[in-house]
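# Coordinates in review
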Amino acid sequence: MEARSDVGVVLMNLGSPDSTAVPDVQRYLNEFLMDKRVIDYPYLLRWLLVTRIIIPKRAPKSAEAYRSIWWEEGSPLIVLTKQLQKAVQHDLQLPVEIAMRYGNPSPAMAYDKLLLQNPQLKEVILLPLYPHYAMSSYETAAEYAKQVHQKKNYPFKLTVIPAYYDAPDYIEAVAESMRPYLQQDYDHVLFSYHGVPVRHIRKGDVTGKHCLQINDCCHAKSAAHEFCYRHQVHITSELVAAKLGLPADKWSVSFQSRLGREEWLKPYTAEQFQELPKQGKKKLLVACPAFVSDCLETLEEIAVEGKHTFISNGGDSFTMIPCLNVHPLWVQAVVKWCRQLAAKG
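Thresholds applied
Sequence order as written defines the numbering, with residues in each chain counted from 1. Only residues with pLDDT of at least 70 are given local features in this predicted model, and only at 80 or more are side-chain atom pairs given and counted; all residues enter the totals for whole chains, interfaces and linings. Water and hydrogen atoms play no part in the side-chain values, which are based on all heavy atoms of the structure. Two strands form a pair only when DSSP identifies at least two bridges running between them. Segments assigned H or I by DSSP are reported as helices when at least four residues long, segments assigned E as strands when at least two residues long, and all are numbered from the N terminus. A fitted line through C-alpha atoms represents every axis, and for helices the fit uses only the stretch in contact; the resulting angles, taken between N-to-C directions, go from 0 to 180 degrees. Only heavy atoms enter the contact rule, under which two residues are in contact if any of them lie within 4.5 Å. Between 30 and 60 degrees the pair is tilted, below 30 it is stacked and above 60 it is edge-to-face, where a pair is any two Phe, Tyr or Trp rings, Trp via its six-membered ring, whose centres lie within 6.5 Å. Three labels apply to residues, based on accessible area from a 1.4 Å probe with only protein chains included: buried if under 20% of the type maximum, exposed if over 50%, partly exposed otherwise in between. Definition of a polar contact: a pair of N or O atoms within 3.5 Å, with one able to donate and the other able to accept a hydrogen when the atoms are protein atoms, and with sequence-neighbouring residues admitted only if both atoms are side-chain atoms. Residues belong to one nonpolar core when they are buried, are Ala, Val, Leu, Ile, Met, Phe, Trp, Tyr or Cys, and are joined through side-chain atoms within 4.5 Å. If an angle is under 35 degrees, it is roughly parallel; if it is over 145, roughly antiparallel; if it lies from 65 to 115, roughly perpendicular; otherwise it is oblique. By convention the crossing between two helices is left-handed if the near helix lies anticlockwise of the far one by an angle smaller than a right angle, and right-handed if it lies clockwise. By the convention adopted, Pro, Cys, Tyr, Trp, Phe, Met, Ile, Leu, Val and Ala count as nonpolar, Lys, Arg, Asp and Glu as charged, and the other residues, Gly among them, as polar. Nonpolar side chains (Val, Leu, Ile, Met, Phe, Trp, Tyr) within 5 Å and like charges within 9 Å form the patches, drawn only from residues with over 30% relative accessible area and no salt bridge. For the accessible areas, the method is Shrake-Rupley and the probe is 1.4 Å, while residue cover comes only from the protein chains on display. Whenever a carboxyl oxygen of Asp or Glu lies within 4 Å of a side-chain nitrogen of Lys or Arg, that contact is scored as a salt bridge.

The four strands are arranged S6-S5-S7-S8 in an open sheet whose pairing can be described as parallel. The open sheet has two edge strands, strand S6 (251–256) and strand S8 (317–320), and neither has a second partner. For this sheet, the mean inter-axis angle between neighbouring strands, taken without regard to orientation, is 25°. As paired elements, strand S5 (residues 188–194) and S6 share six bridges and run parallel to each other. By the bridge assignment, Phe 191 is partnered in S6 with Val 253. Running over the sheet, helix H8 (residues 229–244) touches S5 and S6 and is turned about 145° from S6. The sheet contacts of helix H11 (residues 301–312) involve S5, S6, strand S7 (283–287) and S8, and relative to S8 the element is tilted by about 165°.

Right under this line is the structure:
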């Protein structure tokens, strides 16, 4: 397909502090945690919780964690997203910019850059770099990008690529990125996904009577699945496991990054790192398919803290499989999706 001259692409990721300095981490956490789709409490309660309780305790610890994984070029998530941008732009032959839901660069900065390159821009294709639909990830990114587009009255159409948790190209990319690591001796593969509160799953159930209310709700057919994070991560795991030929007793799913005391999706990854060695599963591979770019949650929470917990509880070997990052099949998938949308006009 010959590249259209009036189309641009924005790759949108979570975001990162501008630096590892505590004030920058505080600003980042404030923007992140004050998002009503992340902590969906009434504004005043959310403000008190975030500014008076969470940030004062969390910011110094988070700053230290960021320092432990920060690269010379900057935040790993930002650096890797820029690398993806460069690879996609090279193959797609269309202008590609990046944006972050929190921090910099913002969607407005990305839109402005695209317009500066081409004042005749007619369409921008937005790819949220979240494979699974969750209120606190895919939804908040997509809706924020739409709000900025509408508020600033940009002259181009905004087309958002939907969640792609079961897209064959994504599944193939995840499976092939994992395959080389399966050549080593291992006892178990753990698919660890970012957790969400159980309340969010129930709140997102468009039927009001399916999610966590019937037996095996993730596999019983329902309109709720389009917006159900729990269903989608299980489907991703099953499809990848099938592609790799993993026996049912050699893999499982867990959820990480819990915040607060309310119930989140279970089982918790941190607890699995303690329990798996007791079950004789002492050689562990960990994959994190909800993250397409390595970041604090993979490089520090899993590869450092998780490994320490697993080994301390009797594990023998622990390998975190890198995220998709700029895996050739992932780049090909993004290029293919954008090219197909651009062709539709």
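Next comes the rest of the write-up.
Turning next to the packing of aromatic side chains. One pass over the full model with this rule turns up 18 aromatic pairs. Judged by centre distance (5.7 Å) and plane angle (80°), the ring pair of Tyr 164 and Tyr 170 falls under edge-to-face. Since its relative accessible area comes to 0%, Tyr 170 is described here as buried. Among the aromatic residues, those joined into a ring-pair cluster are Tyr 164, Tyr 170, Trp 330 and Trp 337.

The next point concerns the side chain of Ser 293. Within the secondary structure layout, Ser 293 lies in the loop between S7 and helix H10 (296–299). Only 3.2 Å separates the side chain of Ser 293 from the side chain of Asn 13, close enough to count as a polar contact. Those residues within four positions of Ser 293 in sequence are excluded, and the remaining contacts are Asn 13, Leu 80, Thr 81, Cys 323 and Asn 325.

A separate point is the nonpolar core. Counting 115 residues, the largest nonpolar core has Phe 191, Tyr 229 and Trp 330 as the members making the most contacts within it. At nine residues, the largest contribution of residues to this core is made by helix H12 (residues 328–344). Not counting residues within four places of it along the chain, the set of residues in contact with Tyr 229 comprises His 132, Tyr 133, Ala 134, Tyr 193, His 194, Val 196, Ile 201, Phe 255, Leu 265 and Ala 290.

With that out of the way, let us pick up the packing of helix H6 (residues 168–178) against H8. Taken N-terminus to C-terminus, the directions of H6 and H8 make an angle of 55°; their axes are 9 Å apart at the nearest point. With respect to H8, the axis of H6 lies oblique. The two elements H6 and H8 meet at a crossing, and its hand is right-handed. Taking contact as the criterion, the partners of Tyr 170, Ile 171, Glu 172, Val 174, Ala 175 and Met 178 in H6 are, on H8, Thr 236, Leu 239, Val 240, Lys 243 and Leu 244. Here the residues of the contact of H6 with H8 are counted per class, giving eight nonpolar, one polar and two charged.

This paragraph deals with H6. For H6, every residue scored as buried is listed here: Tyr 170, Ile 171, Ala 173, Val 174, Ala 175, Ser 177 and Met 178. On its buried side, H6 packs onto S5, H8, S7 and H12.

Okay, a nonpolar patch on the surface next. Judged by side-chain polarity, Tyr 43, Leu 44, Trp 47 and Leu 48 come together as a nonpolar surface patch covering roughly 420 Å² of accessible area. Positionally, Leu 48 belongs in helix H2 (residues 43–69). Judged by its relative accessible area of 37%, Leu 48 is partly exposed.

On to the pairing of S7, then. Among the five residues of S7, four are classified as buried, and the element is accordingly described as predominantly covered. As defined by bridge partners, S5 adjoins S7 across four bridges and the pair is classed as parallel. Residue His 188 lies in a different strand from S7, and its bridge partner there is Leu 284.

In this section: the side chain of Thr 298. If you trace the backbone, Thr 298 turns up in helix H10. A residue is classified by how much of its surface remains accessible, and Thr 298, at 0% relative accessible area, is buried. At 2.8 Å, the side chain of Thr 298 forms a polar contact with the side chain of Asp 294. Sequence-distant contacts of Thr 298, defined by excluding residues within four places in its chain, comprise Cys 288, Phe 291, Ala 303, Met 320 and Cys 323.

Now for the packing of helix H4 (residues 107–117) against helix H5 (residues 135–151). In the contact formed by H4 and H5, the axes pass within 9 Å of each other and the chain directions differ by 55°. Between H4 and H5, the crossing angle belongs to the class labelled oblique. Two packed elements cross with a definite hand, and for H4 against H5 that hand is right-handed. Contact residues: H4 offers Pro 107, Ala 108 and Tyr 111, while H5 offers Tyr 144, Ala 145, Val 148 and His 149. Taken together, the residues that form the contact of H4 with H5 break down as six nonpolar, one polar and no charged.

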